[in-house]
2 protein chains.
Amino acid sequence: VTAAWAERLPHDVETPALLVDVGVLERNLSRMARWASASGLGLRPHAKTHKCVPVARRQLAHGATGLTVATVGEAEHFADAGVHDLFIAYPLWADGARAQRLAALARRVHLRVGVDSAEGAAALGELVRGGGGADPEAPGGDIEVLVEVDSGQHRSGVPPSQAPVVAAAAARSGLMVRGVFTFPGHSYAPGASVRVAAQESATLAEAAALLDERGFDTSVRSGGSTPTARHSDASSLNEVRPGVYAFNDAQQIALGTCTASDVALVALATVVSTPAADRFVLDAGSKTVGADRPPWAAGFGLLPDHPGTIVSALSEHHAVVSLDTASGAPLPAVGSRVAVVPNHVCNAVVLADELLAVEGADVVERWPVAPRRANR
Amino acid sequence: VTAAWAERLPHDVETPALLVDVGVLERNLSRMARWASASGLGLRPHAKTHKCVPVARRQLAHGATGLTVATVGEAEHFADAGVHDLFIAYPLWADGARAQRLAALARRVHLRVGVDSAEGAAALGELVRGGGGADPEAPGGDIEVLVEVDSGQHRSGVPPSQAPVVAAAAARSGLMVRGVFTFPGHSYAPGASVRVAAQESATLAEAAALLDERGFDTSVRSGGSTPTARHSDASSLNEVRPGVYAFNDAQQIALGTCTASDVALVALATVVSTPAADRFVLDAGSKTVGADRPPWAAGFGLLPDHPGTIVSALSEHHAVVSLDTASGAPLPAVGSRVAVVPNHVCNAVVLADELLAVEGADVVERWPVAPRRANR
């Protein structure tokens, strides 16, 4: 059992701020790592959730095989901190300065990149052969690629039947095809996780079989969102890439992936206004917790210590909290502090310069978040 | 007539990036300034939209009386750049380090702050008398306050009938009451602007009359969102605080406040994937353009050069664009570049380290955005 957030809120910290309970974080990291190990799956956590070197180090200490990132900038951020095995799970378009940055990365870390088109593969291949154009005498390092397949989210990624076409283009371009990956983002819907995990496993299995037939290496078959990871079929996948599991958030509670006591990150907010008996206002708005609100979410985040409330509206610097007056819950005092669980923690973290690591109600460390430029 | 964005997209810039067309920006600033001047209204633009000193300087050059900001951090950012007249349009809770920062600000600029509760006023008053606790020998500078009233958004702000209670508490606390303000955020709905502007004007007039009766100074009566500003009743208000008008965005187009040619800021994005005939994917996701999507918006932003498209889904680093194949519009090539107009420009700017000022397709300046810590 985890203490109420009310007992874990530091008093000497300016609001709004993002707090990470180190004990809960460690428990989340350990659970997923033990599960992956017991299932015989590689765990490559997605670092876009935390963008924090101290969290990445803890994930690697728990046995992660490397990190997943979304951008070249995130890869650079973690490479600078000594992480040497990185997968950019994104169909990168490698032109201009980005090509040079990728080539430089490939020379210093074990780099794997997503690809889902012949054009994208050709551009990546050019930089491997030419070093990104920066220095024709210094060709880019080796780049491994995974073909992205669509397991039903209908975002990027080709249907499995097209995977051999993309793999062939990549091979022709001088890239090392190592397998397939997918992101089952449609698992972010109530009741979807088991069904979507089955789709994800089937899609990866189908694509890998088609590549096998044509003699491609399929030693990596990578999937796994936070909602689906623990439902993965270890005979189809051999790597999972959950991100949110490190912190959890209001979406994961609503999806049933975790309970409120598994939430490791909250926004610390001050009650700035109590203008009516059924409403109070916090200083943590969309520029602190992010504006994400899927249609199935009850509000724009939740207040774990204030049952009977809904974050009913969010502006940039205001969260309006509706209070069910029939519940008998009192209106908090102006100046008091509350914890807010963001709907989608990744989009809260990107707005902060640092995360405050707390043990009990003490800030024990300040963890810098990668700079905004790392979003590209 | 403004050129298509396709003719204004620089080729040597990494994506995603935020571009500002300097000519359109200047036209937007000039129009609002000329209108305010002709209407006899003070213009105090809200700088949370741009968080950029170069844009603030242009607004002041066009005759703005000062700036509006949302946080102490934004006030510090602009004070450091020499802006000496600042209104923090927010019911600040002045405790701890924030009180010290406010007191320091009040000693160096003309500072006005919002207040909507007796408790908030008492905390502000303490710092004026005591200098925020940092140095008991150096009391805080003078702080003017405006009482925040609720004109129908039901966020912060008291009903006009309660304004005298808050003003009296502020006066007792040693603060200089200078008038009233409101933010009519419910003007962000189709067809609402004229009606909401009338509510805003009536609310300010009612609150000011009640304060007048009790002998309070009401020399400032401040309102004005971008949708309502130009409908303001100059007999009720004497100051407007629009923010978005500098750049405009997809919401303002949908509300009819501006046309597509008035949009000064776009995200420059690359097409990274064309996995199906009716869909392409851009590298500008919610970590570039923000996740805001009001129920009345057609999508998560819009592509001005690609009619017949809808930004139908947004993840952190992907925008999925649906293409109406019946329109005959071609799927853009992987690697090509497009402009994306964010739904809500304020929540795009906060995610960027800098805005790229363009003239034609040339980047002429790079404007730093206030650091993330300025969000508090």
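Residues numbered from 1 in each chain as written. Chains lettered and ligands numbered in written order. Predicted model: local features only at pLDDT ≥ 70, side-chain atom pairs only at ≥ 80, totals over all residues. Heavy atoms only, no water.

Re the overall build of chain A
Definition in use: Only DSSP runs of H or I reaching four residues or more are called helices, and only runs of E reaching two or more are called strands; each is numbered from the N terminus. We compute the radius of gyration over the C-alpha atoms and compare it with the globule rule, which gives 2.2 Å times the number of residues raised to the power 0.38. Accessible area is worked out with a 1.4 Å probe on protein chains only. A residue is then buried under 20% of its type maximum, exposed over 50%, and partly exposed in between. Any two residues whose heavy atoms approach within 4.5 Å at even a single point are treated as in contact. Within this scheme the basic residues Lys and Arg register as positive and the acidic residues Asp and Glu register as negative, but His and the chain ends are omitted. Charge positions come from single atoms, namely NZ of Lys, CZ of Arg, CG of Asp or CD of Glu.
The number of helices and strands found in chain A is ten helices and 16 strands. Computed over the C-alpha atoms, the radius of gyration of chain A is 22 Å, within 12% of the 21 Å expected from 2.2 N^0.38 for a compact globule of 376 residues. Within chain A, the proportion of its 376 residues that are buried is 64%. Relative to all contacts within chain A whose residues are 6 or more apart in sequence, the contacts with residues 24 or more apart total 68%. The distance from the centre of the 31 positive side-chain charges to the centre of the 39 negative ones in chain A is 1 Å.

Brief notes about the interface of chain A and chain B
Convention followed: As a working definition, buried area equals the accessible area (1.4 Å probe) given up by two parts on being put together, with both sides summed. Basic side-chain nitrogens of Lys or Arg form a salt bridge, by our definition, when they fall within 4 Å of a carboxyl oxygen of Asp or Glu. Nitrogen and oxygen atoms within 3.5 Å of one another constitute a polar contact, given that in protein one can donate a hydrogen and the other can accept it, and given that sequence-neighbouring residues count only through two side-chain atoms. All amino acids are sorted into three groups, where Ala, Val, Leu, Ile, Met, Phe, Trp, Tyr, Cys and Pro are nonpolar, Asp, Glu, Lys and Arg are charged, and the leftover types, Gly among them, are polar.
In this complex, chain A contributes 61 residues to the contact, which on the side of chain B involves 61 residues. When the two sides are added together, the surface that chain A and chain B hide from each other amounts to roughly 5,100 Å², 46% of it contributed by carbon and sulfur. Counting the surface chain A buries against chain B, the share from its top three residues, Glu14, Arg155 and Arg372 of chain A, is 16%. Connecting chain A to chain B are twelve salt bridges. Ionic pairing is found between glutamate 14 of chain A and arginine 101 of chain B, a salt bridge with its closest N-O pair at 2.3 Å. Summed over the shared surface of chain A and chain B, the result is 39 residue pairs in polar contact (both at pLDDT 80 or more). If one sorts the elements of the side of chain A that touches chain B by residue count, strand 10 (residues 265-276) of chain A sits on top with four residues. Grouping the amino acids of the side of chain A that touches chain B by side-chain chemistry returns 21 nonpolar, 18 polar and 22 charged.

Some points on the pattern of salt bridges
Within this structure, the stated rule accounts for 44 salt bridges over all chains. For the salt bridge of aspartate 85 of chain A with arginine 44 of chain A, the shortest nitrogen-to-oxygen distance reads 3.0 Å. Of the two residues, aspartate 85 of chain A is situated in strand 4 (residues 85-91) and arginine 44 of chain A in the loop between strand 2 (42-43) and helix 2 (53-61); the sequence distance between them amounts to 41 residues. Of the charged contacts in the structure, one is a salt bridge between glutamate 144 of chain B and arginine 178 of chain B, with a shortest N-O distance of 2.6 Å. Taken together, the positions of glutamate 144 of chain B in strand 6 (residues 144-148) and arginine 178 of chain B in strand 7 (residues 176-181) put the pair 34 residues apart, joining distant regions of the chain.

Description of the confidence of the model for chain A
The predicted coordinates ought not to be read in detail in places where the model reports low pLDDT. Residues and elements named next belong to chain A. Let me state the cut-off plainly: Scored from 0 to 100, pLDDT reflects the predictor's confidence in each residue.
On average, residues of chain A carry a pLDDT of 95, and 97% of them reach 70 or more. This model gives residues 133-138 a pLDDT under 50, and the stretch forms six contacts once residues within four places in sequence are excluded. Our summary of model confidence lists the complex with pTM equal to 0.96 and ipTM equal to 0.96.

Brief notes about the relation of the copies chain A and chain B
The condition is simple: Residues reaching a pLDDT of at least 70 in both copies supply the C-alpha atoms on which the copies are superposed by least squares.
Superposing chain A onto chain B takes a rotation of 180 degrees plus a shift of 0.0 Å along the axis, which leaves an RMSD of 0.0 Å. Put plainly, the chains are arranged around a two-fold axis. Closest approach to the rotation axis among the C-alpha atoms of chain A is made by alanine 291 of chain A, whose C-alpha sits 2.7 Å away.

Re the nonpolar core
Applied cut-off: In these notes, a set of buried Ala, Val, Leu, Ile, Met, Phe, Trp, Tyr and Cys residues joined through side-chain atoms within 4.5 Å is what counts as a nonpolar core.
In terms of nonpolar packing, the biggest core is built from 101 residues, with Leu86, Ile88, Leu102, Leu111, Phe247, Leu282 and Leu355 of chain A touching the most fellow members. In terms of residue count, helix 1 (residues 22-39) of chain A provides more of this core than any other element does, eight residues in total. Each residue touching leucine 102 of chain A, except ones within four places of it in the same chain, is listed here: Val72, Ile88, Leu92, Ala94, Leu111, Val113, Leu124 and Leu127 of chain A. Within the second largest apolar cluster, 99 residues are counted, among which are Val72, Ala103, Phe216 and Leu303 of chain B.

Details of empty space enclosed by the protein
Stated formally: Cavities and pockets are defined on a 1 Å grid built over the protein atoms alone: a cavity is a set of grid points where a 1.4 Å probe fits but cannot escape, while a pocket is an open set with protein on both sides within 12 Å along at least five of seven lines, and lining residues are those with an atom within 4 Å of any such point. Grid points are joined across faces, edges and corners, and a volume is the space filled by probe spheres set on the points.
Under the criterion given, the structure shown has seven cavities of 30 Å³ or more. Volume-wise, the largest cavity comes out at about 170 Å³. Looking at the lining of the largest cavity residue by residue, the classes come out as six nonpolar, two polar and six charged.

Focus: the sheet that holds strand 9 (residues 239-240) of chain B
Residue and element names in this part refer to chain B. Note the following rule: Any two strands with at least two DSSP-identified bridges between them are counted as paired. With axes taken as lines fitted to C-alpha atoms, and helix axes fitted only over the stretch in contact, angles between N-to-C directions fall between 0 and 180 degrees.
Spatial ordering of the open sheet is given by 2-9-8-7-6-5-4-3, a layout of eight strands whose pairing is parallel. Every other strand in the sheet has two partners, leaving strand 2 (42-43) and strand 3 (67-69) as the edge strands with one partner each. As defined by bridge partners, strand 5 (residues 110-115) adjoins strand 6 across four bridges and the pair is classed as parallel. Among the inter-strand pairings, valine 115 is bridged to a residue of strand 6, identified as valine 147. The sheet contacts of helix 3 (residues 72-80) involve strand 3 and strand 4 (85-91), and relative to strand 4 the element is tilted by about 175 degrees. Relative to strand 5, helix 5 (residues 118-130) is tilted by about 155 degrees, and along the sheet it contacts strand 5 and strand 6.

Topic: the sheet that holds strand 6 (residues 144-148) of chain A
Residues and elements named next belong to chain A. Reading across from one edge, 2-9-8-7-6-5-4-3 is the order of the eight strands in this open sheet, with parallel pairing throughout. Each edge of the sheet is formed by a strand with only one pairing partner; in this case those strands are strand 2 and strand 3 (67-69). Sheet topology places strand 4 next to strand 5 (residues 110-115); five bridges connect them, and they run parallel. Within strand 5, the position partnered with proline 91 by the bridge is glycine 114.

What about the state of the cysteines?
What counts here: Disulfides are defined in this document as cysteine sulfur pairs within 2.5 Å.
Using the criterion set out here, one finds zero disulfides over all chains in the structure. Cysteine cysteine 52 of chain A remains unbridged, with the sulfur of cysteine 346 of chain A as its closest cysteine sulfur at 12 Å.

So, the packing of helix 6 (residues 163-172) of chain A against helix 7 (residues 193-213) of chain A
Residue and element names in this part refer to chain A. We apply this condition: An angle below 35 degrees is treated as roughly parallel, one above 145 as roughly antiparallel, one from 65 to 115 as roughly perpendicular, and anything else as oblique. Crossing handedness: left-handed means the near helix sits turned counterclockwise from the far one by under a right angle, and right-handed means the same turn made clockwise.
At a minimum axis separation of 9 Å, helix 6 and helix 7 run at an interaxial angle of 50 degrees. It follows from the interaxial angle that helix 6 and helix 7 lie oblique. Relative to helix 7, helix 6 is oriented so that their crossing is right-handed. Residues Ala163, Pro164 and Ala167 of helix 6 pack against Ala207, Leu210 and Leu211 of helix 7. Looking at the contact of helix 6 with helix 7 residue by residue, the classes come out as six nonpolar, no polar and no charged.

A short note on the packing of aromatic side chains
For clarity, the threshold we go by: In summary, the pairing rule links any two rings of Phe, Tyr or Trp, Trp by its six-membered ring, whose centres are within 6.5 Å, and it sorts them by plane angle into stacked for under 30 degrees, edge-to-face for over 60 and tilted for everything else. We call a charge positioned above a ring when the Lys NZ or Arg CZ atom is no farther than 6 Å from the ring centre and deviates by at most 35 degrees from the ring normal.
By the definition in use, this model includes two aromatic pairs over all chains. Their ring planes at 90 degrees and their centres at 5.0 Å tell us that phenylalanine 87 of chain A and phenylalanine 181 of chain A sit as a pair that is edge-to-face. Separated by 94 residues along the polypeptide, phenylalanine 87 of chain A in strand 4 and phenylalanine 181 of chain A in strand 7 (residues 176-181) bring together distant segments of the chain. Comparing phenylalanine 87 of chain A with phenylalanine 181 of chain A shows no difference in burial state: the two are buried. Sitting above the plane of the tryptophan 5 of chain A ring, arginine 8 of chain A keeps its charged end 3.8 Å from the centroid. One residue, arginine 293 of chain B, lies across the ring of phenylalanine 300 of chain B, its end atom 4.8 Å from the ring centre.

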